[in-house]
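# Examination of the molecular architecture
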Amino acid sequence: MTIAQGLRLLQSGENMVKMEGFGVGDDGAQRIAAVLRDSGTVRALYLSKNAIGPRGARALAEALKSNRSLKELLVSNNAVGPQGADSFSKALRSNTTLTGLCLWNNAVGPAGAK
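Reference entry: report on the structure contained in this document. (Residues numbered from 1 in each chain as written. Predicted model: local features only at pLDDT ≥ 70, side-chain atom pairs only at ≥ 80, totals over all residues. Heavy atoms only, no water.)

Our focus in this paragraph is the overall build of the protein. Helix and strand counts for the protein stand at five helices and four strands. Seen in sequence order, the protein has helices and strands lined up from the N terminus as α-β-α-β-α-β-α-β-α. Its C-alpha radius of gyration of 12 Å places the protein within 12% of the 13 Å reference for a compact globule of 114 residues. Its C-alpha atoms give the protein principal-axis dimensions of roughly 40 × 30 × 20 Å. In the protein, which comprises 114 residues, the proportion classed as buried is 47%. Residue pairs at least 24 apart in sequence account for 81% of intrachain contacts in the protein once pairs closer than 6 positions are excluded. (Helix = DSSP H or I, 4+ residues; strand = E, 2+ residues; numbered from the N terminus. Rg over C-alpha atoms; globule rule 2.2 N^0.38 Å. Buried < 20%, exposed > 50% of the residue type's maximum accessible area, 1.4 Å probe, protein only. Contact = heavy atoms within 4.5 Å.)

Let us now look at the nonpolar core. Formed by 31 residues in total, the largest nonpolar core has its most connected members in I32, L45, L73 and F88. Those elements that place two or more of their residues in this core are α1 (3-12), α2 (25-38), α3 (54-66) and α4 (81-92). Considering every element that reaches this core, the biggest residue donor is α3, with six residues. Those residues in contact with L45 that lie beyond four places of it in its chain are L10, V17, I32, L36, L70, E72, L73 and L74. (Core = buried A, V, L, I, M, F, W, Y, C linked by side-chain atoms within 4.5 Å.)

Let's shift gears to α4. Between its terminal C-alpha atoms α4 stretches 17 Å, which fits the 16 Å expected from 12 residues at 1.5 Å a residue. Buried within α4 are the following residues: G81, G84, A85, S87, F88 and A91. Down the axis of α4, the buried set is contained in an arc of 155 degrees. They therefore lie on one face. (Expected span 1.5 Å × (residues − 1). Arc of directions from axis to C-beta.)

Our focus in this paragraph is α1. Along α1, the residues classified as buried are I3, G6, L7 and L10. Looking straight down α1, one finds its buried side chains confined to an arc of 100 degrees; they lie on one side. Against the buried residues of α1 lie β1 (16-18), α2 and β2 (44-46).

Here you go:
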């Protein structure tokens, strides 16, 4: 599956979209975030192992502020760092739908865990 195919799945109304190891990067995460912002159907999104950094994490976090369908987001094994973790933390203050966020192995460190 390609990034384009994954984006089509997000737009098509799929409940679960697995895009692990696609090499999404920050640019791809921004494209995913744009679709996720308006998605009302996707419940689980798996983005592990995609070289997503702080910029991509920030875009995904911003999408969470308006998305009300996503319940589970896996962003493990990326490079979101403390800045990306902070972006997710701020987004979760207004998002009451997400019940699972996995940031395992993202070089978050003590600063990002606050």
